[in-house]
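Architecture at a glance
Spelled out, the chains give:
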Amino acid sequence: MHIPDGYLSPSTCAVLYGTAIPFWYVAFARVKRLLNTRLVPLLAVVSAFCFVIMMFNVPLPGGTTGHAVGVGAATVVLGPWASMLAVSIALLIQAVFFGDGGITTLGANCFNMAIVGSLAAHFVYRVMAGRSAITSSRRVLAAGLAGYAAINVAALFTATELGIQPLFFKDASGAPLYAPYALHIAIPAMMLGHLTFAGLAELFVSGGVVAYLQRTNPVLLGQKPSARVDEPRPVATSVWGTTRPLWIRLALLMLLTPLGILAAGTAWGEWGAKEFSDPQMRQQIAAASGNIAPPSQQPQGLARLSSLWSAPFPQYAPPFVHRPAFGYVMSAVFGSGLILGFFLLMAWVTDRRGGGAPRASP
Amino acid sequence: MKPNAKNSRGVVERTLASIVDALEHAFYAEELTKTNGLLQRIDPRVKIVALLPLVVIAALARKLWVIVALFVVAVAVATLSNVPLRTLAKRVWLGVLTFSGVISLPALFLTPGRTLYTLPLLGWIVTAQGLRAALYLIMRAETAATFSVLLVLCTPWSNLLKALRVLRVPIVLVVVLGMTYRYIFLLLRSAHDMFRSRKSRMVGRLDGREQRRAATASVGVLMSKTLQLSGDVYLAMRSRGFQGEVHVLDEFRTGWFDWIMSAVFVTVAALALWFGR
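Rules behind the numbers
Residues numbered from 1 in each chain as written. Chains lettered and ligands numbered in written order. Predicted model: local features only at pLDDT ≥ 70, side-chain atom pairs only at ≥ 80, totals over all residues. Helix = DSSP H or I, 4+ residues; strand = E, 2+ residues; numbered from the N terminus. Contact = placed C-beta atoms within 7 Å. Buried ≥ 20, exposed ≤ 12 C-beta atoms within 10 Å, placed from the backbone. Expected span 1.5 Å × (residues − 1). Core = buried A, V, L, I, M, F, W, Y, C linked by C-beta atoms within 7 Å. Nonpolar A, V, L, I, M, F, W, Y, C, P; charged D, E, K, R; others polar. Axes fitted to C-alpha atoms, helices over the stretch in contact; angles between N-to-C directions. Parallel < 35°, antiparallel > 145°, perpendicular 65-115°, else oblique. Left-handed = near helix turned anticlockwise from the far one by under 90°.

**Overview of the overall build of chain A**
Per the secondary structure count, chain A includes 12 helices and 2 strands. Mapped in sequence order, the helices and strands of chain A form the string α-α-β-β-α-α-α-α-α-α-α-α-α-α. Within chain A, contacts between residues at least 6 apart in sequence are counted, and of these 70% link residues at least 24 apart.

**Quick word on the environment of B:A263**
Here B:A263 lies in helix α9 (residues 256–275). With 217 residues separating them along the chain, B:A263 and B:V46 place their C-alpha atoms 9.9 Å apart.

**Examining the environment of B:R189**
Residue and element names in this part refer to chain B. With respect to the helices, strands and loops of the structure, R189 is situated in helix α7 (residues 171–201). The class for R189 is partly exposed, based on 13 C-beta atoms found within 10 Å. Between the alpha carbons of R189 and V221 there is a distance of 13 Å; along the sequence they are 32 residues apart.

**Section: helix α2 (residues 44–60) of chain B**
Compared with an ideal rise of 1.5 Å per residue, which puts 17 residues at 24 Å, α2(B) spans 24 Å between its outermost C-alpha atoms and is within 8% of the ideal. Looking only at α2(B), the buried set comprises B:P44, B:R45, B:V46, B:K47, B:A50, B:L51, B:L54, B:V55, B:I57, B:A58, B:A59 and B:L60. Against α1 (10–35) of chain A together with α3 (64–80), α5 (128–153), α6 (157–163) and α9 of chain B lie the buried residues of α2(B).

**Some details on the nonpolar core**
A:V52, A:A86, A:V87 and B:L150 are the most contacted members of the largest nonpolar core, which has 168 residues in total. Take this core: its biggest share by element is 15 residues, from helix α6 (residues 137–163) of chain A. Those residues in contact with A:V87, other than ones at most four positions away along the chain, are A:C50, A:V69, A:V71, A:A74, A:M113, A:A114 and A:S118.

**Some points on the interface of chain A and chain B**
Each partner contributes residues to the interface: chain A has 59 residues there, and chain B has 72 residues. Every element with two or more residues in the side of chain A that touches chain B is listed here: α2 (39–53), β1 (57–59), α3 (71–78), α4 (80–98) and α8 (183–216) of chain A. Counting residues per element, the side of chain A that touches chain B draws most heavily on α2(A), which supplies 13 residues. Class assignment for the residues of the side of chain A that touches chain B results in 41 nonpolar, 15 polar and 3 charged.

**Thoughts on the packing of α3(A) against α4(A)**
Residue and element names in this part refer to chain A. Closest axis-to-axis distance for the α3/α4 pair is 7 Å, and the angle between their directions is 140 degrees. When the axes of α3 and α4 are compared, the pair comes out oblique. Seen along the crossing, α3 lies across α4 with a hand that is right-handed. Along its contact with α3, which presents V71, A74, T75 and L78, the element α4 presents P80, A82, S83, A86 and V87.

Have a look at this one:
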């Protein structure tokens, strides 16, 4: 699943680096708050461990073997945030030192395997294990499924990133510049291998490690060891402090909205009434619909209803804005502002109704 | 040989083989960094600033010949830096070619475009666009991999990490990466010993279930050892006065040769960027 250099366009790589950075930041801050001076040695040794288990061959039913990433086991024992950092560092060393996975694609690989993988594993393990006893077999099953889910969700993200490449990046002759397969090929091809072999390798390692630790060292699973980071969170000192990563992500997403300009034509099924009478658009609609010609006249219902509401920002840009990219960003700011304003209003209303009850309780 | 027999021998041995491979790679790189080639003589900071952009530009270029030209530059730099081409072929090119070749093979037939050749018997059509797509993928992957391997083969890991400071990588990360690298070898050694001792005690064959238990138990043992080790390392650091602050000695000096070489690399990068538009 390690994407090599050259499979993703630099712009995709930049976006995925950008998406990974806030997660790294939050993970680092959370782990540091808990571990303090223990951070450096623990992170170093655990990252080395993640690196080493990526080399283990796991025998699978049917006589084959597979490699596990170890993200399931790491998440169950260390919690999602520490696991995110440790697996990222292991991937970095794999990419830089051993050439397994690219340098430009490192952000993508870390995002898929370390970040998405850890979060998926954590979620599945929490839901499945519930409040069962530390030594119950339910925890083994939960850990196994957590590993299996983590790898498959990561594979789905990887396949999607690879699959969107030929949509956006082609040379003058129409040849794909990067990964050549569209989503309808990339996703099944990737998922087939992961739903069967790679997923099983991860399932056995995660489940097996928990079963082994239950017998030999249940303390690691039960009590919170020094590395566990899901301790009760201290009461927030300021709203800005706790929500800062969210604001940064929101701003980043707003800045990325001009990516919409890259998409050629209109989205399938989002045609306006007038577009049915424009010959050029009719051709595009037919091409996007498996060469089935659209109806010769505007659908009557569409024509009738389309006059009911006209948007203030048609095509994501108010009429006075001439640069489409700026229009996109403005629309994003305006839209997010409306949503935030709505929730602030709701919060204000419910606050007043609650009669000013104390907001935070320790 | 029955598949089962091959397999029961395989799991322990294959893991041992990949561990030995990793160790060998590291020792080889360390030997190579001591020779007196072109890249070995350049300040690690200059190398990072020179070679990483070339990796990115190989990914950016939209013309095939520019990517091929960058590949030729990479081969030339390798030759001048005493990296034997045979080693590069064995360690990098062959692996990338196999992987990307297999991946891009169906693209020859699946990419719509101008017909180039029709396979006899099967009647599958190779398109010009498909061929270009496959070449883009393979050449990009080969070029980027060669540049990044050159960076690692010609720079001691500790210097490479210190040089990362030039990219404003946080100092904590630099220290963690350095320690991680060190403990990788310790843990590889532990894993190696575990598998060796298991192998020396095995006389018969293990069935699949037993093998899985052995493999996952090894991971479990290693995890317990890891957490124990991190505690020990922490105490050792504390006893030597570690208080959470990390410092790195900055001993790099840039000379005239570094400046000339960075000018050369920047020129190559700028040309590739311009022609590859």
